[in-house]
Amino acid sequence: MSDNINMDQAEKLQELDRLEEITADAELPTPALLSYRYVTMQQKSNAQSPSPTMLLDKKLNIQWVNESFKALYGSQAAVVGRQLSSFFSKDSKEDSQDNLIQGITSPKSGFSWLGRVEKKSRDRLSVIANLLILPIFDSPESGTLPVGYMGILDNISAELRQMLRTTYESLLGAARLKDNDTGNHIERVNRYARKMAESLLGIDEYREVDREFIENIGFLAAMHDIGKIGTPDDILNKEGPLEAWEWEIMQEHTLNGAFIMSSYPNPMAKDIALRHHERWDGSGYPHGLSEKLIPLSARLVAIGDVYDALRMKRSYKQPFNHQEAQKKIGRASCRERV
């Protein structure tokens, strides 16, 4: 959701103040009545509810949250008083915002709304939840407008992550069948990339590194060579150096991987698949990017990938020890086939 409601949305919210548009005779209760008559009762009944719950005034300002809400999102001090749209993440779809306003201002929808919201923060994983907003009436008389709302959340983050990972782990399993060594290699690269990302957490120069970044790279680093599904087996498993034309085909796995991972909801997946063979000095492929033009996630995976390849024994080379591999990476001299 955006921090500011646009003019159309603001006008829709103002409909809550225009009682004559719905009924000419009913009296609209003041916001104070909501806190006195209703909130006290709801605080008692929902305080220990397992469902994260919040109470909102008629302008969707958060007035109270229960213990389950605080456990999910943090302390009450950082929540109460904030506008609903500013509390949740800013990248929610515009049509969802419009539907929310239309829902809570329309008697046809029962002054209610059901949709999906996401909350991101630097030191917590993103929380994705279904949010049900229900109206609060101070009077049982029909035709009156809500004096506030109750919001009930259903945290579905874990289910969505697991579903997504299961799908892409199936693709990864197919890639492992193409190369006998791929399985162990990708597990090590995963650990290297995650460890390096953790070391950058809290450094101002790398503000994009948060808990979500670390969690994602710890899974997506394994997908860096997913494009090798499309590489012919005789090239992928060839003993000895590749011919020039074979090397060109091998390099296409970055483009193939980017195509496969473009359907993943986090752009990091595509960045890693496409850019993990770019090099800081511009000597990499597929586009010869250099320095900070290469996404940070791809740079971290590239270091882990090259390091692991240097440490491994291949048919055309002996393994380097840790110090030798570290020096070669530091000199940006890893241009040979690894």
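So, a few notes on the structure that sits alongside this text. Quantities reported herein were computed from a predicted structural model and do not represent experimental measurements. (Residues numbered from 1 in each chain as written. Predicted model: local features only at pLDDT ≥ 70, side-chain atom pairs only at ≥ 80, totals over all residues. Heavy atoms only, no water.)

**Some points on helix 6 (residues 157-176)**
The periodicity of an α-helix, 3.6 residues per turn, causes residues three or four positions apart to be oriented the same way.
Inference 1: For helix 6, spanning 20 residues, the distance from its first C-alpha to its last is 28 Å, which sits close to the expected 28 Å at 1.5 Å a residue.
Inference 2: Among the residues of helix 6, those classed as buried are Ser157, Arg165, Tyr168, Leu172 and Ala175. Axial view of helix 6: buried residues confined to an arc of 80 degrees, hence all on one face. Of the exposed residues in helix 6, those oriented more than 90 degrees away from the buried face are Met163 and Ser170. (Helix = DSSP H or I, 4+ residues; strand = E, 2+ residues; numbered from the N terminus. Expected span 1.5 Å × (residues − 1). Buried < 20%, exposed > 50% of the residue type's maximum accessible area, 1.4 Å probe, protein only. Arc of directions from axis to C-beta.)

**Section: the pattern of salt bridges**
Inference 1: One pass over the structure, following the stated rule, counts eleven salt bridges.
Inference 2: Note that Glu212 and Arg161 form a salt bridge whose closest N and O atoms lie 3.5 Å from each other. With a gap of 51 residues between them, Glu212 in helix 8 (residues 211-220) and Arg161 in helix 6 connect regions that are remote in the sequence.
Inference 3: Relative accessible area serves as the criterion here: at 16%, Glu212 is assigned to the buried category.
Inference 4: Across the pair Asp204 and Arg207 runs a salt bridge whose closest N-O atoms are separated by 3.5 Å. As far as burial versus exposure is concerned, Asp204 and Arg207 are alike and both exposed. (Salt bridge = Lys/Arg side-chain N within 4 Å of Asp/Glu carboxyl O.)

**What to know about the nonpolar core**
Inference 1: Grouped together as the largest cluster of nonpolar side chains are 28 residues, with contacts concentrated most on Phe213, Ile217, Leu220, Met223 and Met261.
Inference 2: Every element with two or more residues in this core is listed here: helix 6, helix 7 (182-200), helix 8, helix 12 (268-275) and helix 13 (296-311).
Inference 3: With residues near it in sequence (within four places) discarded, Met223 still touches Tyr168, Glu169, Leu172 and Met261.
Inference 4: Residues Met54, Ile62, Phe88 and Leu131 belong to the second largest nonpolar core, which totals 23 residues. (Core = buried A, V, L, I, M, F, W, Y, C linked by side-chain atoms within 4.5 Å. Contact = heavy atoms within 4.5 Å.)

**Some details on the packing of helix 12 against helix 13**
Inference 1: Viewed as axis vectors pointing N to C, helix 12 and helix 13 meet at an angle of 45 degrees, and their least axial separation amounts to 8 Å. Classified by the interaxial angle, the pair formed by helix 12 and helix 13 is oblique. Seen from above, helix 12 lies across helix 13 with right-handed handedness. On the side of helix 12, the interface is formed by Met268, Asp271, Ile272 and Arg275, while helix 13 contributes Ser297, Ala298 and Val301.
Inference 2: Here the residues of the contact of helix 12 with helix 13 are counted per class, giving four nonpolar, one polar and two charged. (Axes fitted to C-alpha atoms, helices over the stretch in contact; angles between N-to-C directions. Parallel < 35°, antiparallel > 145°, perpendicular 65-115°, else oblique. Left-handed = near helix turned anticlockwise from the far one by under 90°. Nonpolar A, V, L, I, M, F, W, Y, C, P; charged D, E, K, R; others polar.)

**As for the pairing of strand 4 (residues 124-136)**
Inference 1: Sheet analysis places strand 3 (residues 113-121) next to strand 4, joined by eight bridges and oriented antiparallel. The residue bridging Lys119 from the neighbouring strand is Val127, located in strand 4.
Inference 2: Between the antiparallel neighbours strand 3 and strand 4 lie two residues.
Inference 3: Pairing analysis gives eight bridges linking strand 4 to strand 5 (residues 148-155), with the strands arranged antiparallel. By the bridge assignment for strand 5, Pro135 is matched with Tyr149. (Pairing = 2+ DSSP bridges.)

**Some words on helix 11 (residues 253-261)**
Inference 1: Those residues of helix 11 that sit buried are His253, Thr254, Gly257, Ala258 and Met261. Buried residues in helix 11, looked at end-on, bunch into an arc of 140 degrees, giving them a common side.
Inference 2: The secondary structure elements touched by the buried residues of helix 11 are helix 6, helix 8, helix 10 (244-251) and helix 12.

**Overview of the packing of helix 13 against helix 14 (residues 322-330)**
Inference 1: Orientation of helix 13 relative to helix 14, taken along the N-to-C sense of each, is 135 degrees, at an axis distance of 9 Å. Classed by the angle they form, the pair helix 13 and helix 14 counts as oblique. Handedness of the crossing formed by helix 13 with helix 14: right-handed. Where helix 13 approaches helix 14, its residues Ile303, Val306, Tyr307, Leu310 and Arg311 are matched on the opposing element by His322, Ala325, Lys328 and Ile329.

**Considerations on the side chain of Asp308**
Inference 1: Looking at the element boundaries, Asp308 is found in helix 13.
Inference 2: Under the relative-accessibility criterion, Asp308 is labelled buried at 2%.
Inference 3: Asp308 has contacts with His185, Arg188, Val189 and Tyr192, leaving out every residue within four places of it along the chain.

**Observations concerning the environment of Ile101**
Inference 1: Looking at the element boundaries, Ile101 is found in helix 5 (residues 94-105).
Inference 2: For Ile101, a relative accessible area of 4% gives the class buried.

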